[in-house]
Amino acid sequence: MLMTDTELRKIIHIDMDCFYAAIEARDNPALRGKAIAVGGSPDARGVVATCSYEARKFGVHSAMPMKTALRLCPELIRVPPRRAVYQAVSEQIQTIFAAYTDLIEPLSLDEAYLDVSQARQHQGSATLIAQEIRARIWQEQQLTASAGIASNKFLAKVASDWHKQNGQFVIRPSMIAEFMLSLPVKKIPGVGTVTAERMRELGVRTCADLQAWSVDKLCAEFGRFGRRLYELARGIDHRPVSVDNSYKSISVEDTFVTDLPNLAACYAELPALFRALEQRLAKAQASQRLVPKSIVVKIRFHDFVLTTAQMTSSLVEERLFLPLIKQAWERRQVPVRLLGIGVHFAEPWRPEQLSLGLE
Ligand code: DCP
Ligand code: MG
């Protein structure tokens, strides 16, 4: 049988349940069954990296300021992150995956796509392979994972969320057409809050609603993303499981027709640059989780001398670039012909993750 038809692929998406929080509860029995949040201190404007399901009931969620989390859930127990431990667990889990396939695409420390189309175990049954992987994660790490199984990455990821936690769900090719009808558009990668809201205004809530639109109409409304939306709304996704498609960094820059004479002029260019950077980030983040590691400013002075300034940061905020611009400009204090800003990302499955500043 020819395996060139992408519909025949077998993709598993594995996602650990409450990853950091589950590890903390595993290692400290006193935390089990409690509302806990892993993250930085509320006094240091820390944020929640993740929290237990008990805490989620109170509305606590990832990326929320710890202060807000404690207000919503006064009994919340805060646990500082232990990144080296999470990294080590992640590496252990990767070795389990590697027993089944070489085609592994990690999305973060706790999440990966596996293409098991060629796997030999269990007569190639992706369902049984996923079950065994989850059982081995439990045996070796006493942690639970959820899995989604489908013929492409989009559906596998949707499926892994379906029976969370400690569950798995298969979307068979014969189920796709019906499954898509009721799927909310928010589940489509690349459809964020803003696009979903715009779709809602246009009367589109589910993929069935979107299916009623022609390619032309989709492109007229959503630009180049329209073509992809046409496919995704039908559960079609040809993206391969790629072993390393990670963004190392994203940056934007502008060369000015007239040189920027001073620091204030450089500051004045920041809002436009930052908007462009945000757009690039949003696009990239539609396909993978990117964890910012540091932010950087690049300045080329009128005489073409280049300088950069960077700092460790897991946040990408406009105001954070101001001191970097200052630092870079003050080295020469002459007019500027090019100004750029950017973000470097941690590679979640490599040791650099250890330097990730969550606090
Ligand atoms: N993480 C983080 N900051 C975020 C989101 C996540 O540091 N804004 C970290 C902590 C999580 C881990 O990444 O434990 C995995 O993220 P998930 O989104 O998969 O969340 P969980 O695994 O915690 O929960 P779930 O059971 O919903 O997968
Ligand atoms: Mg997870």
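Residues numbered from 1 in each chain as written. Chains lettered and ligands numbered in written order. Predicted model: local features only at pLDDT ≥ 70, side-chain atom pairs only at ≥ 80, totals over all residues. Heavy atoms only, no water.

**Overview of the coordination of the magnesium ion (ligand 2)**
On the protein side, the magnesium ion (ligand 2) has Asp15 (OD), Met16 (O) and Asp110 (OD) as donor atoms, found 2.1 to 2.2 Å from it. The coordination sphere of the magnesium ion (ligand 2) comprises six donor atoms, whose angles at the metal cover 85 to 176°; the geometry is octahedral. (Donors = N, O, S within 2.8 Å, 3.2 Å for Na, K, Ca; no water. Tetrahedral: all angles 85-135°; square planar, octahedral: opposite > 155°, others 65-115°.)

**Structural notes on the packing of helix H1 (residues 19–27) against helix H4 (residues 83–98)**
Put simply, H1 and H4 touch, their axes get as near as 11 Å, and they point 100° apart. On the basis of the axis angle, H1 is roughly perpendicular to H4. Contact residues: Phe19, Tyr20, Ile23, Glu24, Arg26 and Asp27 in H1; Val85, Tyr86, Val89, Ser90 and Ile93 in H4. When the residues that make up the contact of H1 with H4 are grouped by side-chain class, the tally is seven nonpolar, one polar and three charged. (Axes fitted to C-alpha atoms, helices over the stretch in contact; angles between N-to-C directions. Helix = DSSP H or I, 4+ residues; strand = E, 2+ residues; numbered from the N terminus. Parallel < 35°, antiparallel > 145°, perpendicular 65-115°, else oblique. Contact = heavy atoms within 4.5 Å. Nonpolar A, V, L, I, M, F, W, Y, C, P; charged D, E, K, R; others polar.)

**Examining H4**
When the terminal C-alpha atoms of H4 are compared, their 22 Å separation across 16 residues agrees well with the 22 Å that a helix rising 1.5 Å per residue should span. Every buried residue belonging to H4 is among Arg83, Tyr86, Gln87, Val89, Ser90, Ile93, Gln94, Ile96 and Phe97, and all of these are buried. On its buried face, H4 sits against strand E1 (11–16), H1, strand E2 (36–39), strand E5 (104–108), strand E6 (111–115) and helix H5 (126–141). (Expected span 1.5 Å × (residues − 1). Buried < 20%, exposed > 50% of the residue type's maximum accessible area, 1.4 Å probe, protein only.)

**Examining the sheet that holds strand E3 (residues 48–51)**
Strand order in this open sheet of three strands is E3-E2-E4, and the pairing throughout is mixed. Here the strands that pair on one side only, and so sit at the sheet edges, are E3 and strand E4 (77–79). Here the strands of the sheet are splayed against their neighbours by 30° on average, with no regard to which way each runs. Strand direction decides the pairing type here: E2 and E4, joined by three bridges, are parallel. If you follow Ala37 over to E4, its bridge partner there is Arg78. Sitting on the sheet, H1 is in contact with E2, E3 and E4, with an inclination near 115° to E2. (Pairing = 2+ DSSP bridges.)

**Quick notes on the site of ligand 1**
Taken together, 16 residues sit near ligand 1, with Cys18, Thr50, Arg56, Asp110 and Arg289 positioned nearest. In the environment of ligand 1, an oxygen atom lies 3.1 Å from a nitrogen or oxygen atom belonging to the side chain of Asp15. In this structure, Arg56 approaches ligand 1 through a side-chain N or O atom, which is 2.8 Å from an oxygen atom. Elements with a minimum of two residues in the shell around ligand 1: E1, H1, E3 and helix H2 (53–56). Of the residues contributing to the shell around ligand 1, the split by class is eight nonpolar, two polar and six charged. (Near = heavy atom within 4 Å. Polar contact = N/O pair within 3.5 Å; in protein donor to acceptor, adjacent residues only side chain to side chain.)

**Quick word on the nonpolar core**
Counting 35 residues, the largest nonpolar core has Ile12, Ile14, Phe19, Phe97, Leu114, Ile133 and Ile137 as its most contacted members. Secondary structure elements with two or more residues in this core: E1, H1, E2, H4, E6, H5 and strand E7 (145–150). Beyond its immediate sequence surroundings of up to four residues, Leu114 is in contact with Lys10, Ile11, Ile12, Ile14, Phe97, Thr101, Leu103, Ile104, Ile133 and Val241. If you look at the next biggest cluster of nonpolar residues, it comprises 31 residues, including Leu270, Ile295, Val334 and Val343. (Core = buried A, V, L, I, M, F, W, Y, C linked by side-chain atoms within 4.5 Å.)

**Here we look at the packing of aromatic side chains**
Scanning the entire structure with this criterion turns up eight aromatic pairs. On the basis of an interplanar angle of 55° and a centroid distance of 5.9 Å, the ring pair of Phe19 and Tyr20 is categorised as tilted. In this pair, the class of Phe19 matches that of Tyr20, namely buried. In this structure an aromatic cluster arises from ring pairing among Phe19, Tyr20 and Tyr86. The side chain of Lys217 reaches across the aromatic face of Trp213, ending 4.3 Å from its centre. Between the NZ or CZ atom of Arg234 and the centre of the ring of Tyr230, over which it lies, the distance is 3.7 Å. (Phe/Tyr/Trp six-rings, centres within 6.5 Å; stacked < 30°, edge-to-face > 60°. Lys NZ or Arg CZ within 6 Å of the ring centre and 35° of its normal.)

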